[in-house]
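Fold and geometry: a report
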Amino acid sequence: SAATMAMEDKLERVNKRLKQARDDLDKHLAKAHAEETRLKDKLRNLSERKRQCATTNGNLDVGDDDLIEINAGGKIIAAKRGVLCQFKGTNLETLFCGRWENKLQRDGSGRIFLDVNPKAFRAIVDWLNMMAILSDEERQGRKPSVNNKEYKHLLEHQMGIFVRGDKPGDPVTKTMAWTGMTDFELQRQRAATANNSTATRNLPISFGSPGLGENITVAIEKKWEILKELEADILSLEESFLKEEQFIETFAADGVSSDNIVTLNVSGTIMATHRTTLQVIEDSVLAQQFDNTKWTEQSNRPNVIEWTPEEVAQWVKSINDVPEDVSQIFLDNEIRGSELFALDKEGLKMLGLERVGTICLLSDEISALKKEANEDVVTLIEHSPYCFGKILDYLRMKHFSAMGLCGDPDLPSVSVEKREMFETVVRYYFPGESSKLILREKKSVTSGFSFGHGQPPSFSDSNKFGQPFGPPAPAPAPGFSFGPPGPFRPFE
């Protein structure tokens, strides 16, 4: 009948609408599934990159209780790995987490080397030790400090380099009210990235149907919201890992060889730094003293690691009371310098040595040679440790600034009674115009010189050192604020 045909026609139109709706649903589900697969692949690839990096550059067998010995500018500081790495997302955690263990700079004794002022770094480690035993509530407002105000700017610089928080809500940022790299800036940057993400552009249209259709639409939109959040998290993880790589390449890998580390005896005070730090100001006496040619002449340590089998055999032959045929045994086995240091008494027996006295004698000689090869070359500096230390700290910060790890360094803060001596030492090492890079001579009403960073002279304002030059500064709040020591430039 006509009524039946009309009903069939209506049913056909409804079926077409259902098929269209199903096709639309399948398209949206397929898009969501493809996006989910893409993001999971990105996350998997990032995890694989981190795993390969840790396998190549790191030590997978590390733990929080590992004792880390650090040569901080010539002073040895020890701390547990878990203490140094307790704030995730910081450069300290990057350095000591184990992922980059094999790329870290080390001194001749195998300790991790940091070219920093030891007093300031000691203050940071002391603060970390304290934070490790405090509750979250007790941590609030706790900051590292130094007794001598002359070192406050050095502590600020080191905090900016090592302990800045990378993530919104990072405990370091919360605890310290850090004002260098702010969470707001990071959130704004990530929000802009997320708003341009693939997930945001692919939000589905609404079916406009009540009931079941509405529920399906809401569910799909919710999935896209989750995918957008996942993409933002992955972008944040990729950004963090990229910063890790850049930090390690610019800081930790700036001279893997211990030959680049210089030990200085400054009138009885031991300091350590990089030759590259001493060469920051190119036309200075220091740069000339530690250039490649003159430094090679000073460094007369045996380069045993590069010895050929013939050189190893010749060394064995030179040892008193070792039978002549022993050197031939070393030569026949093609023992190189790097392998010589790996030989213990059991290894000597495996070479074919049998006489107990010869084995013990060779073992002692190998140990002595190893110690001699790893011994630091100490250069005498016949100047005031106070004055030279101020110069060295400035050069360190200038070196960090050149690598993009911090802003322009503040000029040295010098006590009043040491001012004349400091000027003399600076002009000795930095003759002519180069001395102005450190002294920045500037006429003022109350004094002839200014050592501040474009401000009144930064001589210490402690009573121990007399009254400050220029107008008095406002009284500081309890503790001190870790504001940025100049414009902080993150990796770009």
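These remarks concern the structure in this document. Computed from a predicted structure; not experimentally measured.

1. Quick notes on helix H14 (residues 309-317)
An α-helix turns once every 3.6 residues. As a result, residues three or four positions apart point the same way. Buried within H14 are the following residues: Pro309, Val312, Ala313, Trp315 and Val316. Along H14, the residues classed as buried sweep out an arc of 160 degrees about the axis, all on the same side. Exposed side chains of H14 directed beyond 90 degrees from the buried face belong to Glu310, Gln314 and Lys317.

2. With respect to the sheet that holds strand S2 (residues 75-80)
Each strand in a sheet pairs with another by means of backbone hydrogen bonds, the pair being arranged parallel or else antiparallel. Here we have three strands laid out as an open sheet, ordered S2-S1-S3, and mixed in their pairing. A single partner strand is all that each edge strand has here, and the edge strands are S2 and strand S3 (112-114). Each neighbouring strand pair of the sheet contributes to a mean axis angle of 30 degrees, computed without reference to strand direction. In this structure, strand S1 (residues 67-72) lies alongside S2, joined through six bridges in antiparallel fashion. Residue pairing for S2: Ile68 is matched across the bridge by Ala79. Docked against the sheet, helix H4 (residues 118-131) engages S1, S2 and S3, running at close to 15 degrees with respect to S2.

3. Regarding the packing of H14 against helix H15 (residues 324-332)
It is the contact of H14 with H15, at a shortest axis distance of 8 Å, that shows an interaxial angle of 160 degrees. With respect to H15, the axis of H14 lies roughly antiparallel. Note that H14 runs across H15; the crossing there is right-handed. Here H14 contributes Pro309, Glu310, Val312, Ala313, Val316 and Lys317 to the contact with H15, which in turn contributes Val326, Ser327, Phe330 and Leu331. For the contact of H14 with H15, the residue count by class is seven nonpolar, one polar and two charged.

4. Section: the packing of aromatic side chains
For the coordinates displayed, the defined rule picks out six aromatic pairs. Here Trp100 and Phe241 contribute two aromatic rings whose centre-to-centre distance is 6.3 Å and whose plane-to-plane angle is 25 degrees, an arrangement assigned as stacked. Here the residue Trp100 occupies a position in the loop between helix H3 (91-96) and S3, and Phe241 occupies one in helix H10 (residues 212-252), the gap between them amounting to 141 residues. Taking 4.9 Å as the distance between ring centres and 75 degrees as the angle between the ring planes, the aromatic pair formed by Tyr428 and Tyr429 counts as edge-to-face. Residue classification places Tyr428 among the partly exposed residues on the basis of a relative accessible area of 47%.

Conventions adopted
Residues numbered from 1 in each chain as written. Predicted model: local features only at pLDDT ≥ 70, side-chain atom pairs only at ≥ 80, totals over all residues. Heavy atoms only, no water. Buried < 20%, exposed > 50% of the residue type's maximum accessible area, 1.4 Å probe, protein only. Helix = DSSP H or I, 4+ residues; strand = E, 2+ residues; numbered from the N terminus. Arc of directions from axis to C-beta. Pairing = 2+ DSSP bridges. Axes fitted to C-alpha atoms, helices over the stretch in contact; angles between N-to-C directions. Contact = heavy atoms within 4.5 Å. Parallel < 35°, antiparallel > 145°, perpendicular 65-115°, else oblique. Left-handed = near helix turned anticlockwise from the far one by under 90°. Nonpolar A, V, L, I, M, F, W, Y, C, P; charged D, E, K, R; others polar. Phe/Tyr/Trp six-rings, centres within 6.5 Å; stacked < 30°, edge-to-face > 60°.

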